[in-house]
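Here is how the chains run, residue by residue.
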Amino acid sequence: MIKLQNMKLNIFHIKRVGIVLFAGMLFSVPCYAQGLKVAAAANLQSIIEVLQKDFKQRTGIGIEPIVGSSGKLVAQIKNGAPFDVFLSADMSFPQELYKEGLSAKAPVVYAYGSLIICSSQNIGFQNWERILLTPRIKKIAIANPAVAPYGLAAEELLKKNGILENVKSKMVYGESISQINTYITTGVVEVGFTTQALVKDPANKTPLYWKVINPKTYAPIQQGMVILKHAENNPDAEKFYQYILSAPAKRIFEKYGYRIQ
Amino acid sequence: MDLSPIWLTLKLAAITTLLLLIVGLPVAWWLSKGRSFFKTIIEAIITMPLVLPPSVLGFYLLLAFSPQHGLGKWLQNTFDIQFVFSFQGLVLASFIYSMPFMVGPIKSALQQLPASLAQASYTLGKTKWQTFKNILIPNIKPSLLTAVVLTFAHTLGEFGVVLMIGGNIPRVTRVASIAVYDSVERMDYASANAYSLILFCITFIMVISVFVFNKYQAKSPLE
């Protein structure tokens, strides 16, 4: 009787081990990459890896960045994406999440973005407003203004200069600032408006010509951060939040062309 | 709501299907007759877009047609043609991308016809062209229709390549599938739903009509 029970238990045990092993196989990749899920705006594509490494060194906590246009990330968060911290490219998207109760605290600014005009050809950007109108420039790339704050800033800049209507036929829209970087570095467009982080990125091997746009000529790109509801009881999220606002992180941001004040 | 993405998609699909019909028929015929190493290679290349991720095609088209170097530069300087961010670029990408859907069904239908059919026609003194036009084509009508409809429908569904080389330009490259993606990103779910529903209905009607026309004998493109 006892023996029989033991055998039953054994079989049950074996089955369980089997199921666990099978589940382990299924989920081995996500398990390996587990960590704090940080949704990061596309302009942070390269810098987020540097922050990730530095944060890991300081605290031993690993993060898993999910990079996309701010608008796309917000749509995902609203529909239940399990992200812990959101680093946006502007303030209005995180503000919106806060208003909808998807974040407990109001957003804070962690950096100011810097817009540049950039090309893989030596065009000479002294009078870029005029150059954009010449036939030499066939395509101008900006990120989709509806979802990417850098695209919105670029559009606003062109409008303010009174040339938006004249260059409308040359405009090409990327789904995020990363796609603009692809368009510039592969040379499919003559000119693109992007983040200064592109030209500070050591991973970029294409020689680029660029000019920082005077920050006074467009509304400041205040980049905001929130801890999301998903991380309510996760102390790691708070640690990462504090880290992003700390002096060492600020130095990294400055190195990549962001402004802090 | 802006209906231009729907019209643009239908236009793209119609042009692509027409071009593929003109090119695909002779290619399928050629492939159906006998085997050789060269033919196998060509057939493999034609079939590859079925399994290749669209991003691979998009990436290579982006590099090949960049006006900065090589082919793209030559096309730009000689003919003033730009294949990235243009409608003709989408036609070219769709042509490559949908080719297996045109060539596949026609080729296997031609192969399944008895060889005596064409031989009898030749014996009666008909030329190759007359045989092809009057004997072979009428005998593969159901497969031909399947090929045309699938090519059209597949072009409607193209997304990845267009996302990479299209540039989301209204009335030029913003096709319906991109408009859906764009609307979802903007959280404009009403428009996303409208575009999606239209695409859903068009594809449904098309596939149903193939089934009805072929009396439930429509062939899968992989057969």
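Residues numbered from 1 in each chain as written. Chains lettered and ligands numbered in written order. Predicted model: local features only at pLDDT ≥ 70, side-chain atom pairs only at ≥ 80, totals over all residues. Heavy atoms only, no water.

**Q** How should the overall build of chain B be read in this particular structure?
**A** Looking only at helices and strands, one finds 11 helices and zero strands in chain B. Of the regular secondary structure in chain B, the N- to C-terminal order runs α-α-α-α-α-α-α-α-α-α-α. With respect to the principal axes defined by its C-alpha atoms, chain B has extents near 65 × 45 × 25 Å. Across the 223 residues that make up chain B, the buried fraction comes to 46%. At a minimum sequence separation of 6, the contacts of chain B that also span at least 24 residues come to 72%. If you sum the accessible surface of chain B, you get close to 11400 Å²; carbon and sulfur atoms cover 71% of it. Of the side chains in chain B, 15 bear a positive and 8 a negative charge, and the two mean positions are spaced by 19 Å. (Helix = DSSP H or I, 4+ residues; strand = E, 2+ residues; numbered from the N terminus. Buried < 20%, exposed > 50% of the residue type's maximum accessible area, 1.4 Å probe, protein only. Contact = heavy atoms within 4.5 Å. Areas by Shrake-Rupley, 256 points an atom, 1.4 Å probe, with all protein chains shown as cover. Lys, Arg positive; Asp, Glu negative; His and termini not counted. Charge placed at Lys NZ, Arg CZ, Asp CG, Glu CD.)

**Q** I would appreciate a short explanation of the pairing of strand β1 (residues 36–41) of chain A in the present structure.
**A** Each regular strand shows side chains that alternate between the opposite faces of the sheet. Residue and element names in this part refer to chain A. The buried fraction of β1 amounts to five of the six residues, a majority that puts the element mostly inside the structure. Where β1 meets strand β2 (residues 63–68), six bridges bridge the pair, whose relative direction is parallel. Following the sheet pairing, A41 is matched in β2 by G68. With helix α2 (residues 47–59) bridging β1 and the parallel β2, this β-α-β connection has right-handed handedness. (Pairing = 2+ DSSP bridges. Right-handed = clockwise from strand over helix to strand, strands pointing away.)

**Q** I tried to follow the domain arrangement of chain A on my own but got confused; where do I start?
**A** Quoted interface sizes are often the accessible area lost when the parts come together. All names here are of chain A. Domain boundaries assigned for chain A yield domain 1 (35–112 + 221–255) and domain 2 (113–217). Its C-alpha centre places domain 1 at a distance of 25 Å from the equivalent point of domain 2. On the domain 2 side, the residues contacting the 16 residues of domain 1 number 15 residues. A buried area of about 1100 Å², summed over both sides, lies between domain 1 and domain 2, and 60% of it is on carbon and sulfur atoms. Linking domain 1 with domain 2 are one salt bridge. When the shortest N-O distance is used, the salt bridge between E175 and K72 registers 3.0 Å. Taken together, the links from domain 1 to domain 2 amount to six residue pairs in polar contact (both at pLDDT 80 or more). Counting residues per element, the side of domain 1 that touches domain 2 draws most heavily on helix α3 (residues 70–78), which supplies three residues. Per-class residue counts for the side of domain 1 that touches domain 2 are six nonpolar, seven polar and three charged. (Domains from an automatic or database assignment. Buried area = accessible area lost by both parts, 1.4 Å probe. Salt bridge = Lys/Arg side-chain N within 4 Å of Asp/Glu carboxyl O. Polar contact = N/O pair within 3.5 Å; in protein donor to acceptor, adjacent residues only side chain to side chain. Nonpolar A, V, L, I, M, F, W, Y, C, P; charged D, E, K, R; others polar.)

**Q** Sorry if this is basic, but what is going on with a nonpolar patch on the surface here?
**A** The grouping of F37(B), I41(B), I45(B), M48(B) and L52(B) at the surface amounts to a nonpolar patch, some 500 Å² of accessible area in total. Residue class for F37(B) comes out exposed when judged on its relative accessible area of 69%. (Patch = residues over 30% accessible without salt bridge, like charges linked within 9 Å, V, L, I, M, F, W, Y side chains within 5 Å.)

**Q** Got a minute to help me understand the side chain of Q179(A) in this structure?
**A** Looking at the element boundaries, Q179(A) is found in helix α8 (residues 177–185). Residue classification places Q179(A) among the buried residues on the basis of a relative accessible area of 12%. Looking at Q179(A), its side chain comes within polar contact range of the main-chain nitrogen of E175(A), at 2.8 Å. Those residues in contact with Q179(A), other than ones at most four positions away along the chain, are G174(A), L163(B) and M164(B).

**Q** Is there a simple way to explain the pattern of salt bridges in this structure?
**A** Residues and elements named next belong to chain A. Inspection of the entire model under this criterion finds seven salt bridges over all chains. Where E96 meets K78, a salt bridge forms, and the shortest distance between an N and an O atom there is 2.5 Å. Here E96 is found in helix α4 (residues 92–99), whereas its partner K78 is found in helix α3, with 18 residues between them in sequence. Connected through salt bridges with shared partners, the residues K78, E96 and E100 form a single ionic network.

**Q** Would you mind going over the packing of aromatic side chains with me for this structure?
**A** The relation between two aromatic rings is expressed through the spacing of the ring centres and the mutual angle of the planes. All names here are of chain A. Going through the model one piece at a time under the given rule, you end up with 14 aromatic pairs over all chains. Residues F55 and Y243 carry aromatic rings whose centres are separated by 5.2 Å and whose planes lie at 45° to one another, so their mutual orientation is tilted. Of the two residues, F55 is situated in helix α2 and Y243 in helix α10 (residues 235–244); the sequence distance between them amounts to 188 residues. This pair shows no difference in class: F55 is buried, exactly as Y243 is. (Phe/Tyr/Trp six-rings, centres within 6.5 Å; stacked < 30°, edge-to-face > 60°.)

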